[in-house]
Amino acid sequence: MSGRGPELPVEVRRLTIGHGGEPVQRELSFGVRRGEILVIMGDSGSGKSTLLRHMIGLDPPLGGDVYYAGEGFWAAEETRKEALRRRVGVLFQNAALWSSMTLEENVVVPLQASAGLAAGEAREIARLKLALVGLAGFEQHYPAEISGGMRKRAGLARAIALDPEILYFDEPSAGLDPLTSRRLDGLIRELRDSLGTTVILVTHELESIFALGDSAVFLDAERRTMIAQGSPQELRDGDEPKVRAFLGGGRR
Amino acid sequence: MIDTAATGESRVAVSRGEDGAVRVRLSGRWQLGDGLPSTEPVRDALQGAPAAPLVFAAERLLEWDSTLVAFVHATASLARAAGSAVDTSALPQGARRLVSLALAVPPRLRPKAPEDDALSARVGRIALRAAGTAADALAFVGMTALSLRELVRGRARFRRVDLLRAGEASGVAALGIVALINFLIGAVLAFVGAVQLQPFGASIYVADLVAIAVTRELGPLMTGIVMAGRTGASFAAVLGTMTLNEEVDALRTASLRPGEFLVTPRLLATVVMLPALVAYADLMGLMGGMLVGVSMLHLGPLEYVRQTQNALSLRHLWIGLAKAPAFGAVVALTGCYYGLRCQRTAAAVGEAATRAVVVGIVLVVMVDALATVLLHVTGL
């Protein structure tokens, strides 16, 4: 599955984000290279999650566009948008599993609904995806019956159901203990390495940022724009004081 | 010393020093519940000496807690506003630190501008909100109509389990309360009718009254109202929780339309189940009426049934049953609308349920009134 797709699967150009009224961030431009893990970080209120919602096609931005392999998402027709959404998998902050369905059904529904798979085939693939995230044997459990960490992994199984080219994570370690969160980071890296998926990660967890990030952008709530871009190590040793402080640089 | 002021147990003394500074001497016991001294003397002193520094001093300060800090913070804020320097160095270290913490200007928090409280502004806000809601609700109905088109074409994507569950929630599960309410309504109608008709020896017409009122109006209406409180609220709460938990967003990223996947099964279930429920409600209402007729008016059961049969032309029954799907649609759409438009906070879910009930009941009654007027005009 590696070696597919364009050089820049996702690119954001001059994106102004917000929910109407005053923009939260202005003129954001950055791209993600194929197979890379990009970390979006910033202080609270800087609009990280809002940016994510614009990128995964949930809320329209105030200006600019998100380009999937060079194709503008928000300028596209509705049917085209659906096709573009199919290339994307999302793990929401609280996993957002459909609580009225078993774990298996949670993975089967997108397989049947968006990819039109037959029931038997969808079930087999769902079992595989659940096994990949270490949940073999939990197919018939309901989300309420398993722990927070398992729920995140089930959410990940659902996100990778359709073999997406791009995976988004909204604060994957939120609400997890350090050990579980480290395991989840390992799983994300493992999936990237084996599936060749491009990963975009919203987080402010330092450990995850350094463990996973190939590159990173930093959103500043005060200046309302992106103030740094580069690998996490570069940013830590860079000359933007706020980013250095955020990443714990200059304390050594 | 040009001015002294004391409050309570003389805890505050304000004076003007030789160097021009305003001195505030704090002493005694400062504890929560003892009340806060007034800041007036300090304000007056500061006004009398523009730009003079404000110096705090502690003298025989026994015990202190937040009361002291609150007083110092209030007076120091006054001094700041007047452009005076503030010196708290003589205060206990803990108090000094708390005051400087409270006085630190937050770097970038911009408090929300206060809302214009004028009557015209309030009326304007309500009007704008109403217009926005109306447009939004219309868009929602349009979206649902598109989902229904998919349903007619046989391409609607939703889970049959959801349809069955919604059918159960808006049908079987409501049997008990629908039976109780309608039985009692039928009994009350018969009782009220009996009181009026008995003096004329026309007790037997209670059966007519109950039969027509229950089947044509009250059976459907009461059932619609019960469903708005039961099913409408539950739809709003379930969909609101799903919105809060980003489950609705997850549907959208999986290319499933919430209108199709969540609203269609609920709408379909309620529209199909409500006529059945109303037929059951009619029966219960008639039985309630009969109980009163037989036990209080001493009418024979057979006599009552025959009179009911005579009075009850199928027309009334059909009119009542025809309203049921409309009530069902109103209840399901209101519940789903408020659920899907829920903000992503826990409090918003409760609000969504409340609104679904209130608006659902109002709309059910309005639809009923509209139907009555239309039927009157067309002479049915």
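Residues numbered from 1 in each chain as written. Chains lettered and ligands numbered in written order. Predicted model: local features only at pLDDT ≥ 70, side-chain atom pairs only at ≥ 80, totals over all residues.

Q: Before we move on, can you summarise the overall build of chain A with the specific residues and values?
A: Helix and strand counts for chain A stand at nine helices and 10 strands. Since a compact globule built from 252 residues should have a radius of gyration of about 18 Å, the 18 Å found for chain A is in line with a globular shape. For chain A, the spread of C-alpha atoms along the principal axes amounts to about 55 × 45 × 35 Å. Taken across its 252 residues, chain A has 44% of its residues classed as buried. Contacts in chain A between residues at least 24 apart in sequence constitute 64% of all its contacts with a sequence separation of at least 6. (Helix = DSSP H or I, 4+ residues; strand = E, 2+ residues; numbered from the N terminus. Rg over C-alpha atoms; globule rule 2.2 N^0.38 Å. Buried ≥ 20, exposed ≤ 12 C-beta atoms within 10 Å, placed from the backbone. Contact = placed C-beta atoms within 7 Å.)

Q: How would you summarise the overall build of chain B if you had to cite specific residues and measurements?
A: Within chain B, the regular secondary structure consists of 12 helices and four strands. By the compact-globule yardstick of 21 Å for 380 residues, chain B is too spread out, its C-alpha radius of gyration being 35 Å. Taking the principal axes of the C-alpha coordinates as reference, chain B spans close to 105 × 60 × 40 Å. Residues counted as buried form 41% of the 380 residues belonging to chain B. Of all intrachain contacts in chain B linking residues separated by at least 6 positions in sequence, the fraction that spans at least 24 positions is 82%.

Q: Describe in detail the domain arrangement of chain B, supporting the description with residues and values.
A: For chain B, the assigned domains read domain 1 (12–103) and domain 2 (129–378). Using C-alpha coordinates to define each centre, domain 1 of chain B is positioned 65 Å away from domain 2 of chain B. (Domains from an automatic or database assignment.)

Q: Can you tell me about the sheet that holds strand E1 (residues 12–16) of chain B, naming the residues and giving the values?
A: Residues and elements named next belong to chain B. The four strands are arranged E1-E2-E3-E4 in an open sheet whose pairing can be described as mixed. This sheet does not close on itself; its edge strands, each paired only once, are E1 and strand E4 (86–87). Relative to E4, strand E3 (residues 54–63) runs parallel, the two sharing two bridges. Its bridge partner lying in E4, leucine 54 is registered against valine 86. The sheet strands contacting helix H2 (residues 66–81) are strand E2 (22–29), E3 and E4, and the helix crosses E3 at an angle near 170°. (Pairing = 2+ DSSP bridges. Axes fitted to C-alpha atoms, helices over the stretch in contact; angles between N-to-C directions.)

Q: An account of the interface of chain A and chain B is requested, with residue identities and associated values reported.
A: Accessible area lost during the coming together of the parts is what is often quoted as the interface size. Taken together, the 19 residues of chain A in the interface contact 12 residues of chain B. Of all elements in the fold, only helix H2 (78–85), strand E6 (88–91) and helix H3 (103–115) of chain A reach the threshold of two or more residues within the side of chain A that touches chain B. A total of four residues in the side of chain A that touches chain B trace back to one element, the largest contributor, which is H3(A). Classifying every residue of the side of chain A that touches chain B by side-chain character gives 11 nonpolar, four polar and four charged. (Nonpolar A, V, L, I, M, F, W, Y, C, P; charged D, E, K, R; others polar.)

Q: Can you explain the sheet that holds strand E4 (residues 63–68) of chain A? Please cite residues and give values.
A: What holds strands together in a sheet is hydrogen bonding between their backbones, with the strands either parallel or antiparallel. Residues and elements named next belong to chain A. The antiparallel open sheet is built from four strands, whose spatial order is E2-E1-E4-E5. Sheet topology places strand E2 (25–32) and strand E5 (71–72) at the edges, where each strand pairs with a single neighbour. Sheet topology note: the E4/E5 ladder contains two bridges and is antiparallel. Residue pairing for E5: tyrosine 68 is matched across the bridge by glutamate 71. Where helix H1 (residues 48–55) meets the sheet, it contacts strand E1 (10–17), E2 and E4, and its direction lies at approximately 120° from that of E1.

Q: Kindly report on the packing of helix H7 (residues 206–244) of chain B against helix H10 (residues 301–311) of chain B, identifying the contributing residues and their values.
A: Residues and elements named next belong to chain B. Taken N-terminus to C-terminus, the directions of H7 and H10 make an angle of 50°; their axes are 8 Å apart at the nearest point. In terms of orientation, H7 lies oblique with respect to H10. Regarding H7 and H10, the two cross each other, and that crossing is right-handed. Residues Ala207, Asp208, Ala211 and Ile212 of H7 form the contact with H10, whose participating residues are Tyr304, Gln307, Thr308 and Ala311. Within the contact of H7 with H10, the residues separate by chemical class into five nonpolar, two polar and one charged. (Parallel < 35°, antiparallel > 145°, perpendicular 65-115°, else oblique. Left-handed = near helix turned anticlockwise from the far one by under 90°.)

Q: Describe H3(A), naming the residues involved and giving the relevant values.
A: Residue and element names in this part refer to chain A. Helix length check: H3 (13 residues) gives 18 Å between terminal C-alpha atoms against 18 Å at 1.5 Å per residue, within 8%. Within H3, 11 of the 13 residues are buried, leaving the element largely enclosed by the surrounding structure. Those residues of H3 not exposed but buried are Leu103, Glu104, Glu105, Asn106, Val107, Val108, Val109, Pro110, Leu111, Gln112 and Ala113. Packed against the buried residues of H3 are helix H4 (119–132) and helix H5 (148–159). At the C-terminal side of H3, glycine 116 shows a positive phi close to 65°. (Expected span 1.5 Å × (residues − 1).)

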